[in-house]
Amino acid sequence: DETDDSEAGMILIQDVRMKGEMVVNATMSVTYDAAVPCKVRWYSVANDGGEDFIAEGDSCRLEHAHIGYNVKVALTPIVNGIQRQDKEIVQVSQEKISVAPPKVRTVEMTCDDNQWQDGSILRAKHDTNYYGVEGGVTIEWYRNDERIPGSKNQMRYKVVPQDVGRVIKFCFTPENEMGVRGDPAWATSPVIKSAAMEPRILNMRSPSEVYIGQAIMIKYNYAGGTEGSTTYTWERSWNGTNWTELRETTRGDRTDIGSSGSSVSASPDFNSWTSHLTTADDIHAYFRCTITPTRLDGTVGETVSSAPVVVKLDADQKKALSSVVLNGGHVFKATGRNESQVGITLTPQHLEIVTAGKALLKEKWTSNIEMRVGQTIRSQNLYEFVIHVNEIELILSVDRPEFRNFYLHALRAFRALAMPAIASEIMDAKMQKKWNSGEMREGKKGKQKSRTAFASCIARQEHRRITPDPLSPDMVEKQKKLMQDYGGSTEGWLCRESLFSIFSERST
């Protein structure tokens, strides 16, 4: 790295250093300490040692044609006007010339109005070294971590209501004229605010009537930005006055007893909905849903409640169940937990459950017998119901939900007819005796006459079964008494309502 003039005894060139990135479009330079003027020349050096002149001077620009070559710089001292080739200093780079990927120095997102809300215009800005000419540029905009359709390679983005409560991001990937891409760079906005009104519920609609097995669907229009985790609280009442919370869910939940979400599947006139699936355990119950609208950014609006709706039996269910009751008995088929086939026999006097010729249960109708809806296992088409007698609990299943509801209504209707307090509301003492003796069962002499008399008796007693809506004070007391008979549960009341709903044209 140094030479001297032997005649003068002095060092001509020293401390030679080549500087710069060995990439296309970069500028290489050389620094040195010289006692005399120097001529500086640059060359590209091939693998076989062949050289091509690049430029003369203290620096040179590397071109595309130089890719794969080393760089050589030659410094020739000029002494007394003569180029001393014998004193020339040469340096050759260890690296070869390559194509450098672009480098993003800075990237930022700006907002024209600085409000960061729906309607704002966001812009992508960057400072990039392309090591030459800019080529293709890729910009992709995201809502949280989801790509925003139609926004690719746009330098600006207009915020929409769906963005409220989320952050907007863009990913910038530089590319030079030779197609070489640099590392992507990201910029992220603050959480987008809403420029709209407070969240609120508009045009809520409840169904006018709901039948057992149907879903109670509450439809509504949400306003005030993009809807977020709106809260739904479902309540049930047996008299339309005293309400009990059943469950609380949020928008988008899916369960066996209800769901909620956007209104595409509900109606084109509404943009949101929630639902609750009814079962035999809901006969003649009142339902309502309290909705707390919530925007995507977490802002909560005023809570509103739907109009109460009563759950009834439809005409086909009534017809089938009345046939079972008027026949004075029936046999159902179900499946036990061990997949065994089970026969359920209803008579005026008792409940009998048999499997493989062996009696699992034979019990007189008393307040010790309770029934309820069990689990739903849709993946296996299993709809369970539970029969509880004293310390015995039988979990049975059928393969359709309407069968489960039908069985429970029939079980409760027969249980109700064995309860004098309920039976007296629907028939006189003479007919109660006929019923208890089983005169209407198949094989009994005069069964048809007894069945006709039973139906007539019900018709005569119709006025005694109609209850004001909501319940009158004496019916509230009757309800309390029936619940007390079942240890505070609603079983007695469900038995009564199952029986009455079979023959009545209106709810009690």
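For the structure, see preceding data.
Below is a short write-up of the structure.

## Regarding the overall build of the protein
No. 1: Counting secondary structure elements, the protein contains 8 helices and 34 strands.
No. 2: A compact globule built from 508 residues should have a C-alpha radius of gyration of about 23 Å, whereas the protein, at 44 Å, is more than 25% larger.
No. 3: Principal axes of the C-alpha set define a box for the protein whose edges measure 145 × 55 × 35 Å.
No. 4: A separation threshold of at least 6 residues defines the contact pool for the protein, and within that pool the share at least 24 residues apart is 58%.
No. 5: Taken as a whole, the protein presents about 24,900 Å² of accessible surface, with 46% of it coming from carbon and sulfur.
No. 6: Distance between charge centroids for the protein: 16 Å, based on 62 positive and 66 negative side chains.

## Let's talk about the nonpolar core
No. 1: In this structure, I344 and L351 are the most contacted members of the largest nonpolar core, which totals 73 residues.
No. 2: When residues of this core are assigned to their parent elements, the largest contribution, 9 residues, is made by helix 2 (residues 401–417).
No. 3: Ignoring anything within four residues of it in the chain, the contact list for L351 reads I344, T345, L346, L361, K362, E363, W365, I369, I387 and L411.
No. 4: Within the second largest apolar cluster, 21 residues are counted, among which are V30, V36, V79 and I89.

## Structural notes on the pairing of strand 25 (residues 286–292)
No. 1: Of all the 7 residues making up strand 25, 6 are buried; the element is thus mostly covered by neighbouring parts of the structure.
No. 2: When strand 20 (residues 231–237) meets strand 25, the two strands line up antiparallel, connected through 7 bridges. Residue S237 lies in a different strand from strand 25, and its bridge partner there is Y286.
No. 3: Where strand 25 meets strand 27 (residues 309–312), 2 bridges bridge the pair, whose relative direction is antiparallel. In the sheet register, F287 faces strand 27, and the bridge partner there is V309.
No. 4: Bridge count for strand 25 against strand 26 (residues 304–305) is 2 bridges, and the pairing is antiparallel. Of the residues in strand 26, the one forming a bridge with T290 is S305.

## Some points on the environment of H126
No. 1: By the element assignment, H126 lies in strand 11 (residues 121–129).
No. 2: Along the sequence, H126 and S59 sit 67 residues apart, while their C-alpha atoms lie 29 Å from each other.
No. 3: Aside from chain neighbours lying at most four places away, what touches H126 is T106, V107, M155 and F172.
No. 4: Among the polar contacts made by the side chain of H126, one reaches the side chain of T128 at a distance of 2.8 Å.

## Some words on the sheet that holds strand 34 (residues 392–398)
Working definition: the strands of a sheet are paired by backbone hydrogen bonds and lie parallel or antiparallel to each other.
No. 1: Ordered in space as 31-30-29-28-34-33-32, the 7 strands form an open sheet in which the pairing is antiparallel. Of all the strands in the sheet, the pair left with one neighbour each is strand 31 (358–364) and strand 32 (369–377). Going from strand to strand, the sheet's axes swing by 30° on average, the running direction of each strand aside.
No. 2: Of the pairings in the sheet, the one linking strand 33 (residues 382–389) to strand 34 comprises 7 bridges and is antiparallel in character. Residue pairing across strands places Y383 opposite V398, the latter belonging to strand 34.
No. 3: Each of strand 28 (330–336), strand 29 (341–346), strand 30 (350–355), strand 32, strand 33 and strand 34 touches helix 2; the most contacted strand, strand 32, lies at about 175° to it.

## A short note on helix 7 (residues 473–485)
No. 1: With 13 residues, helix 7 should reach 18 Å at 1.5 Å per residue; the first-to-last C-alpha distance of 19 Å fits that figure.
No. 2: Within helix 7, burial applies to M475, V476, Q479, L482 and M483. Along the axis of helix 7, the buried residues cluster in a sector spanning 125°; they form a single face. Facing away from the buried side of helix 7 by more than 90 degrees, the exposed set consists of P473, D474 and Q484.
No. 3: Where helix 7 is buried, its residues touch helix 3 (420–426) and helix 8 (491–503).

Cut-off values and rules
- Residues numbered from 1 in each chain as written.
- Predicted model: local features only at pLDDT ≥ 70, side-chain atom pairs only at ≥ 80, totals over all residues.
- Heavy atoms only, no water.
- Helix = DSSP H or I, 4+ residues; strand = E, 2+ residues; numbered from the N terminus.
- Rg over C-alpha atoms; globule rule 2.2 N^0.38 Å.
- Contact = heavy atoms within 4.5 Å.
- Areas by Shrake-Rupley, 256 points an atom, 1.4 Å probe, with all protein chains shown as cover.
- Lys, Arg positive; Asp, Glu negative; His and termini not counted.
- Charge placed at Lys NZ, Arg CZ, Asp CG, Glu CD.
- Core = buried A, V, L, I, M, F, W, Y, C linked by side-chain atoms within 4.5 Å.
- Buried < 20%, exposed > 50% of the residue type's maximum accessible area, 1.4 Å probe, protein only.
- Pairing = 2+ DSSP bridges.
- Polar contact = N/O pair within 3.5 Å; in protein donor to acceptor, adjacent residues only side chain to side chain.
- Axes fitted to C-alpha atoms, helices over the stretch in contact; angles between N-to-C directions.
- Expected span 1.5 Å × (residues − 1).
- Arc of directions from axis to C-beta.

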